[in-house]
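# Breakdown of the fold
Residues per chain, in single letters:
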Amino acid sequence: MINLRGVLLMLRSVLLVLVLSNAQPVTAQEVVTTDAGPARISQVVGDLDTPWAFGFLPGGAMLVTERPGRLLYIAADGSRHEIVGLPEIAARGQGGLLDLLIPLDFSRNREIFLTFSEPHGRTVGTAVLRARLSDDNRHLRNTSTIFRMSEFSDLERHFGSRLAEAPDRTLFVTIGERGDRPSAQDLQRHNGSIVHITRDGGPAPGNPDLGADTLPEIWSFGHRNPQGLAFDLNGQLWAIEHGARGGDELNRIRKGANYGWPVIAYGRHYSGLPIGEGTHKPGMEQPEFYWDPSIAPSGMTFYSGRLWPEWRGDLFVGSLKFDYISRLEGSPLREAEQIQTPQAGRVRDVREAPDGSLFFLSVDTGALYRITPAQ
């Protein structure tokens, strides 16, 4: 004879197990050795599909972009949902939904900015989207593509796409040369440049006068594929960019400056042949630091010193190639440490949280991690 009550209790137990298995997991932690002492690395978000960027919302929630074209809301309790309302995105090659900026005045109007590869027929190009996050955190409202690069192409690489907010609330945006090397020296195209725009997408006041027939949004040029952009604690703008074979660069970004690609470089073509005219040329900037061999740098943050005073002012950079976080210190900046951990597989983005902890995105593990002091 079947005990109906027993069956119901068993089903209830099975359902409880299923509910718990779908809840935010209690994640394993690892303690690693750093120059500032032991640090604890813990997973915050898992099961991400090719994550590219993240940002912090007031109250402990977060946003995360996935390159295939999804924007995720992560609540403070770890629950999540996809935010709808994005425009059409060309998730091709290295393109897709890319960087994310939550401005300092987000609480005033709930505006956010995103970069993405925008399709136009068979061609694609880097674009910047402005949108308002709905009060329930589920929709993007009032979306507007405020900026798009001047020339799209069918090449599917070197989109650049990092965003940084200046103290006056204007925006800096990196754009790769899209695999068209000579275009980085062509001031009639946005390829290979860092542009400086208003929050409506127009040229920002005070941009350099680079001559007749040049695009007024260009702040600096001669870049290959800048995938890191950040202000230091003194308000100086810096960028990191991928070299070819060797020669990834860290550059102090100056108004109107030419950073040399592809005329000068410290790396070589993937074929092994030399690039351009060597490593120096009058009128072209030198990097503050370069990596050889290449580490494929992506994502960067200057640290405030809130939890690790000894790291105040240091720069943290993710490596997509060698699976570590590079820490640079001193003046001029030099690599002082490589923070290595099994979780750091293809580190795409690194940022400091409001509480002073460090967060990083791993493409290989599809997860977002938090670093805190272990003592």
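First, a word on what this report is: a plain description of the structure on this page. All values derive from a computational prediction rather than experimental measurement.

### A word on the packing of aromatic side chains
A complete count under the given rule lists 13 aromatic pairs for this structure. Between Phe-172 and Phe-231, the aromatic rings sit 5.9 Å apart at their centres with planes inclined by 70°, giving edge-to-face as the arrangement. With Phe-172 in strand β12 (residues 171-175) and Phe-231 in strand β15 (residues 226-231), this residue pair connects regions lying 59 residues apart in the sequence. Centre to centre, the rings of Trp-238 and Phe-302 are 5.9 Å apart; their planes meet at 50°, and the pair counts as tilted. With Trp-238 in strand β16 (residues 237-241) and Phe-302 in strand β19 (residues 297-302), this pair connects stretches of sequence that are 64 residues apart. A relative accessible area of 4% means that Trp-238 is categorised as buried.

### What about the pattern of salt bridges?
Using the criterion set out here, one finds 27 salt bridges in the structure. When the shortest N-O distance is used, the salt bridge between Glu-165 and Arg-169 registers 3.6 Å. We classify Glu-165 as buried; its relative accessible area is 15%. Residue class for Arg-169 comes out partly exposed when judged on its relative accessible area of 32%. Ionic pairing is found between Asp-314 and Arg-327, a salt bridge with its closest N-O pair at 2.7 Å. Linking Asp-314 in the loop between β19 and β20 (315-319) with Arg-327 in strand β21 (residues 324-329), this pair joins segments that are 13 residues apart in sequence. Through salt bridges that share partners, Asp-105, Arg-108, Glu-111, Arg-130, Glu-165, Arg-169, Arg-199 and Asp-200 make up one connected network.

### Here's the deal with the environment of Lys-281
Here Lys-281 shows up in the loop between β17 (248-252) and β18 (289-291). The class for Lys-281 is partly exposed, based on a relative accessible area of 33%. Residues Lys-281 and Gly-305, spaced 24 residues apart in sequence, show a C-alpha to C-alpha distance of 37 Å. Excluding its chain neighbours within four sequence positions, the residues that come into contact with Lys-281 are Val-263 and Ile-264.

### Focus on the environment of Phe-231
A residue is classified by how much of its surface remains accessible, and Phe-231, at 22% relative accessible area, is partly exposed. For Phe-231, the residues in contact, after removing those within four places along its chain, are Ala-164, Glu-165, Ala-166, Pro-167, Phe-172, Gln-236, Leu-237 and Phe-302.

### Notes on the pairing of strand β24 (residues 358-362)
With 5 of 5 residues buried, β24 is to be regarded as a mostly interior element. A two-sided burial pattern is seen for β24, the buried positions comprising Leu-358, Phe-360 and Ser-362 on one face and Phe-359 and Leu-361 on the other. Inspection of the sheet shows strand β23 (residues 347-352) paired to β24 by 5 bridges, in the antiparallel sense. Within β24, the position partnered with Glu-352 by the bridge is Leu-358. Sheet analysis places β24 next to strand β25 (residues 367-373), joined by 5 bridges and oriented antiparallel. Across the sheet, the residue bridging to Leu-358 is Ile-371, located in β25. The turn joining β24 and β25, which pair antiparallel and follow one another in sequence, is formed by 4 residues; a positive phi near 60° is taken by Gly-366.

### Thoughts on unusual backbone geometry
With an omega of 0°, the peptide bond between Trp-261 and Pro-262 qualifies as cis. Take Pro-262: it is sitting in the loop between β17 and β18. Residues other than glycine seldom take positive phi values, yet Arg-169 does so here, at roughly 75°. The topology assignment puts Arg-169 in the loop between β11 (163-165) and β12. Positive phi, normally seen in glycine, also occurs at Asp-213, with a value near 65°.

### Remarks on the sheet that holds β25
With respect to topology, 5 strands assemble into an open sheet ordered β1-β2-β25-β24-β23, the strand pairing being antiparallel. The sheet terminates laterally at β1 (29-34) and β23, the two strands that pair on one side only. Across the sheet, the axes of successive neighbouring strands diverge by a mean angle of 25°, strand direction being ignored.

### A closer look at the nonpolar core
If you look at the biggest cluster of nonpolar residues, it comprises 26 residues, and the most contacted ones within it are Leu-57, Leu-63, Leu-71, Ile-112, Leu-114 and Leu-140. Contributing elements (two or more residues each) for this core: β3 (51-56), β5 (70-74), β7 (97-101), β8 (111-120) and β9 (123-133). No other element matches β9, which puts 5 residues into this core. Among all residues touching Leu-71, those that are not within four sequence positions of it are Leu-63, Val-64, Thr-65, His-81, Glu-82, Ile-83, Leu-86, Leu-97, Ile-112, Leu-114 and Leu-140. One finds Ile-41, Ile-325, Phe-360 and Ile-371 within the second-largest nonpolar core, a separate group that totals 18 residues.

### Some remarks on the sheet that holds strand β13 (residues 193-197)
Pairing in this open sheet of 4 strands is antiparallel, and the strands run β11-β12-β13-β14 from one edge to the other. Of all strands in the sheet, those with a lone pairing partner are β11 and β14 (218-221), marking the two edges. The average undirected angle you get between the axes of adjacent strands in this sheet is 20°. Relative to β14, β13 runs antiparallel, the two sharing 3 bridges. From the neighbouring strand, Ile-194 faces β14, where its bridge partner is Ser-220.

Basis of the calculations
Residues numbered from 1 in each chain as written. Predicted model: local features only at pLDDT ≥ 70, side-chain atom pairs only at ≥ 80, totals over all residues. Heavy atoms only, no water. Phe/Tyr/Trp six-rings, centres within 6.5 Å; stacked < 30°, edge-to-face > 60°. Helix = DSSP H or I, 4+ residues; strand = E, 2+ residues; numbered from the N terminus. Buried < 20%, exposed > 50% of the residue type's maximum accessible area, 1.4 Å probe, protein only. Salt bridge = Lys/Arg side-chain N within 4 Å of Asp/Glu carboxyl O. Contact = heavy atoms within 4.5 Å. Pairing = 2+ DSSP bridges. Axes fitted to C-alpha atoms, helices over the stretch in contact; angles between N-to-C directions. Core = buried A, V, L, I, M, F, W, Y, C linked by side-chain atoms within 4.5 Å.

By themselves, these observations are geometric and do not establish any function.
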